Amino acid sequence: MGLSVELMNDLSDGVKGRRNLITDVGGVKVGQVTIDDGDVHSGVTAILPHTGNLFRHKVPAASCVLNGFGKSVGLVQIDELGTIETPIVMTNTFGVGTALNALTKQMLAANPEIGDTTSTVNPIVAECNDGDVSNIRKMAITEQNVSDALAAVNDDFEEGAVGSGRGMMCYDLKGGIGSSSRIVTVDKKHQYTVGALVMTNYGYLTDFIVNGMPIGAPLAKMLAKDKQKEEKGSIITILATDAPLNARQLKRMAKRATVGINRSGGYIGNGSGEIVLAFSTANQVDHFETSEFDTVTRFNDNQIDLFFRATAAVVDESILSSMVHAESVVDRKGRLRLNLVDACKTLISQQPDYTDMVEQVFSQLGVVK
């Protein structure tokens, strides 16, 4: 999905993948479980880098902590060894331990050698705090929720207030899960895909802009009661590509997610957790490889700007897509938390002078009134 229109300020060449989702990268799949139960609005989103045995056939990877106010699991080993060997699970802050256990159990079931005749396993879990919208103290995420999300992985998936994004807020409006992809054409023989999936839970509405239009300022004034007192949200960004990039190059690509985050008004605040994971489906690493040397094809750094630009574009669009597709939600205290579309419609009903700006924003985001 992503946005149905081209980004007006796209840093890439703007060619989207067939689905315009992270799953345009061959082999990548996503599964989700959404929980709406009384005052609990939460869930689980799982990303599968490929459909084989990930422990035995790891993918080159890197992480980048733009700001470390977070409780993610597995980043240390990713940075040390440059690989991912499990699915990636995203959930809320208090669901990390549960997700870790569920993911570990699944990997043990699929690989009897783990912890016996070979090493242990490094599960990857990332989180954002959905406690503003959901009663996080109930610790409602279960191991079965995680297992169900992993079992549901597919090429197509919903965006918006679904999965782990159900209780997330972005720029003080409803956020959640967003995704996008770009085709990177290097030459006539070499074409690759870069995809992103984000879980958005950050930002001040006052700072929110769409292609330079400061729509956030009047919305923030209208919704002053919902404004955060400090920037204490987070955004988790997952980047995938089928290009033969090694761990060092993937880390460089992960850093460029900052550009995409900033383009709509994010500034990476003191209490925010901006975590980026990037992986390539090329040059998989065999856990049981016995050869003393590996021979791999690596992309030339002289052309890597193509991937940096695509990264900025897919992250930018994914963030906007998470807001466009999110529905308004009644939070744990009974307050209606508006999505971007509903907030804009409310704005022009109260202040018609903003009609032209809202119509421009809707046009640039592909919103049909």
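Preceding this paragraph is the structure being described.
Along each chain, residue indices are assigned from 1 in the same order as the chain's sequence is written. For a predicted model such as this one, the threshold for reporting local features is a pLDDT of at least 70, and the threshold for listing and counting side-chain atom pairs is 80 or more; totals across whole chains, interfaces and linings nevertheless cover every residue. Hydrogen atoms and water are omitted, and side-chain values are computed over all heavy atoms in the structure.

Thoughts on helix α3 (residues 143–151)
Spacing of three or four residues puts side chains on the same side of an α-helix, whose turn is 3.6 residues. Applied cut-off: Relative accessible area decides the class of each residue, using a 1.4 Å probe on protein chains only: under 20% of the type maximum gives buried, over 50% gives exposed, and in between gives partly exposed. Segments assigned H or I by DSSP are reported as helices when at least four residues long, segments assigned E as strands when at least two residues long, and all are numbered from the N terminus. By arc we mean the arc of the directions from the helix axis to the C-beta atoms, nothing more. When checking whether two residues touch, look at their non-hydrogen atoms; a contact exists if any pair is within 4.5 Å.
Burial in α3 covers these residues: N145, V146, A149 and L150. The buried residues of α3 occupy an angular sector of 135 degrees when the element is viewed end-on, so they sit on one face. Where the residues of α3 are buried, they touch β1 (29–37), β2 (40–48), β5 (88–92) and α2 (96–110).

Thoughts on helix α5 (residues 247–255)
Counted only if it meets this: Residues adjacent in sequence count toward polar contacts only when both atoms are side-chain atoms; beyond that, a polar contact is any pair of N or O atoms within 3.5 Å, and within protein one must be able to donate a hydrogen and the other to accept it.
Within α5, burial applies to Q249, L250, M253 and A254. An end-on view of α5 places all buried positions within 145 degrees of arc, on one side of the element. In this structure, the buried side of α5 is in contact with β3 (57–68), β11 (234–241), α6 (257–262), β12 (273–280) and α7 (305–325). You can read the cap of α5 off the contacts: a side-chain oxygen lies 3.2 Å from the backbone nitrogen of R248, and it is on N246.

Some remarks on the nonpolar core
Burial of nonpolar side chains together is a common tendency in soluble globular proteins. The condition is simple: Side-chain atoms within 4.5 Å are what join buried Ala, Val, Leu, Ile, Met, Phe, Trp, Tyr and Cys residues into a set we call a nonpolar core.
Counting 55 residues, the largest nonpolar core has F208, I215, L219, F307 and L365 as the members making the most contacts within it. With nine residues, α7 is the single largest residue contributor to this core. Apart from residues no more than four positions distant in its own chain, I215 is found in contact with F208, V210, C344, L347, M357, V358 and V361. With 31 residues, the next largest nonpolar core counts L54, L75, I78 and A240 among its residues.

Things to note about the packing of helix α8 (residues 340–350) against helix α9 (residues 355–365)
Heads up, the condition is: Note on method: axes are straight lines fitted to C-alpha atoms, helices fitted across the in-contact stretch only, with angles between N-to-C directions ranging 0 to 180 degrees. Oblique is the label for any angle not under 35 degrees, not over 145, and not in the 65 to 115 range, which are roughly parallel, roughly antiparallel and roughly perpendicular in turn. The hand of a helix crossing depends on one turn: near helix anticlockwise from the far one by less than a right angle means left-handed, and clockwise means right-handed.
The contact between α8 and α9 brings their axes to 9 Å, and the two run at 160 degrees. Judged on the interaxial angle alone, α9 and α8 are roughly antiparallel. As for how α8 packs across α9, the hand of that crossing is left-handed. Contacts from L340, V341, C344, K345, L347 and I348 of α8 reach α9 at T355, V358, F362 and L365.

Some details on the packing of aromatic side chains
Rules: The aromatic pairing rule takes the rings of Phe, Tyr and Trp, using the six-membered ring of Trp, and pairs them if the centres are within 6.5 Å, calling planes under 30 degrees apart stacked, those over 60 edge-to-face and the rest tilted. In this scheme, Lys NZ or Arg CZ marks a charge over a ring once it lies within 6 Å of the ring centre and within 35 degrees of the ring normal.
Summed over all chains, the structure comprises six aromatic pairs. With 6.2 Å between their ring centres and 90 degrees between their planes, Y192 and F299 make a pair best called edge-to-face. Highlighted residues: Y192 in strand β10 (residues 191–201) and F299 in the loop between β13 (285–286) and α7, separated in sequence by 107 residues. In terms of burial, Y192 and F299 fall into one category: buried. Every member of this aromatic cluster is reached through a ring pair, and the members are Y171, Y202 and F208. Residue placement shows K58 over the ring face of F55; its charged tip is 4.1 Å from the ring centre.

Thoughts on the sheet that holds β2
The cut-off we apply is this: DSSP calls a pair of strands paired once it identifies at least 2 bridges connecting them.
Spatial strand order, β1-β2-β5-β6: four strands in an open sheet with mixed pairing. What marks the edges here is a single partner per strand, and that holds for β1 and β6 (124–128). Across the sheet, the mean angle from the axis of one strand to that of its neighbour is 15 degrees, orientation sign disregarded. By the bridge criterion, nine bridges tie β1 to β2 in an arrangement that is antiparallel. Each bridged residue has a counterpart across the sheet, and for T34 the counterpart in β2 is G43.

Things to note about the side chain of D172
Looking at the element boundaries, D172 is found in the loop between β7 (169–170) and β8 (173–174). Exposure remark for D172: the relative accessible area of 8% places this residue in the buried category. In terms of polar contacts, D172 uses its side chain to reach the backbone amide nitrogen of L205, at 2.9 Å.

With respect to unusual backbone geometry
For M139, which is not glycine, the phi torsion reads 45 degrees and is therefore positive. Looking at where M139 falls in the secondary structure, it is placed in the loop between β6 and α3.

Concerning the environment of N283
Along the chain, N283 falls in the loop between β12 and β13. Sequence separation of N283 and D305 is 22 residues, and the distance between their C-alpha atoms is 21 Å. When neighbours within four sequence positions are excluded, N283 is seen to be in contact with P60, P244, V296 and T297. Separated by 2.8 Å, the side chain of N283 and the backbone oxygen of T297 make a polar contact.

So, the pairing of β3
Two strands pair when backbone bridges link them, and β3 and β13 are joined in this way by two bridges, in the antiparallel orientation. Its bridge partner being in β13, H57 is matched across the sheet by D286. Sheet analysis places β3 next to strand β4 (residues 83–84), joined by two bridges and oriented antiparallel. Residue P60 lies in a different strand from β4, and its bridge partner there is T83.

Keep in mind that these numbers describe shape and distance, not what the molecule does.
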